Amino acid sequence: MSDEAGDRDGSGTDAPPGAARRASAWMILGVVSAALLVCCCSAAVGLLISWSAGLFHTPT
């Protein structure tokens, strides 16, 4: 009976039932953070290039 109770989550390991879920949540958080970092850095580089090209200066 104890063997059936240990295999209910289907993982076949002694890890707690939520362990796989927590690992995937950290993975999603890491991917989202990396995507935001790339997006913000590319926007900053674009603004820097535009500023250096004179696109934000008032025409004379």
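Look a little higher up for the structure.
Everything numeric here is computed off the predicted structure, so don't read it as measured data.

Chemist: Go over the overall build of the protein chain, please, and point to the residues and values.
Modeler: On a plain count of helices and strands, the protein chain comes out with two helices and zero strands. Here the protein chain, with 60 residues, has 3% of them falling under the buried criterion. With an accessible surface of roughly 5400 Å², the protein chain has 70% of that area assigned to carbon and sulfur atoms.

Chemist: So, the side chain of Ser50: which residues are in play, and what are the values?
Modeler: Mapped onto the fold, Ser50 is located in helix H2 (residues 19-52). Here Gly46 takes part through its backbone oxygen, which lies 2.9 Å from a polar atom of the side chain of Ser50. Once you skip the residues sitting within four places of it in the chain, Ser50 turns out to touch Leu55 and Phe56.

Chemist: Describe in detail a nonpolar patch on the surface, supporting the description with residues and values.
Modeler: Taken together, the side chains of Ile28, Val32 and Leu36 present a nonpolar region at the surface, about 290 Å² in accessible area. With relative accessibility at 52%, the residue Leu36 sits in the exposed group.

The rules behind the values
Residue numbers run consecutively from 1 along every chain, following the written order of its sequence. Totals for whole chains, interfaces and linings use all residues, but because this is a predicted model, local features are given only for residues with pLDDT of at least 70 and pairs of side-chain atoms are given and counted only at 80 or more. Computation of side-chain values covers all heavy atoms of the structure but excludes hydrogens and water. Comment: elements are numbered from the N terminus, with helices defined as DSSP H or I runs of at least four residues and strands as E runs of at least two. Three exposure classes are used, based on accessible area relative to the maximum for each residue type with a 1.4 Å probe and protein chains only: buried under 20%, partly exposed in between, and exposed over 50%. Every accessible area reported is derived by Shrake-Rupley at a probe size of 1.4 Å, with residue values counting cover from the shown protein chains alone. Within 3.5 Å is the distance limit for a polar contact, defined as a pair of N or O atoms, with the added protein rule that one can donate a hydrogen and the other accept it, and that residues adjacent in sequence qualify only through two side-chain atoms. Contacts between residues were defined by any pair of non-hydrogen atoms, one from each residue, lying within 4.5 Å. Think of a patch as exposed residues, more than 30% relative accessible area, with no salt bridge, where like charges cluster within 9 Å and nonpolar side chains (Val, Leu, Ile, Met, Phe, Trp, Tyr) cluster within 5 Å. Here a salt bridge means any side-chain nitrogen of Lys or Arg lying within 4 Å of a carboxyl oxygen belonging to Asp or Glu.

Just distances and angles here, no functional claims.
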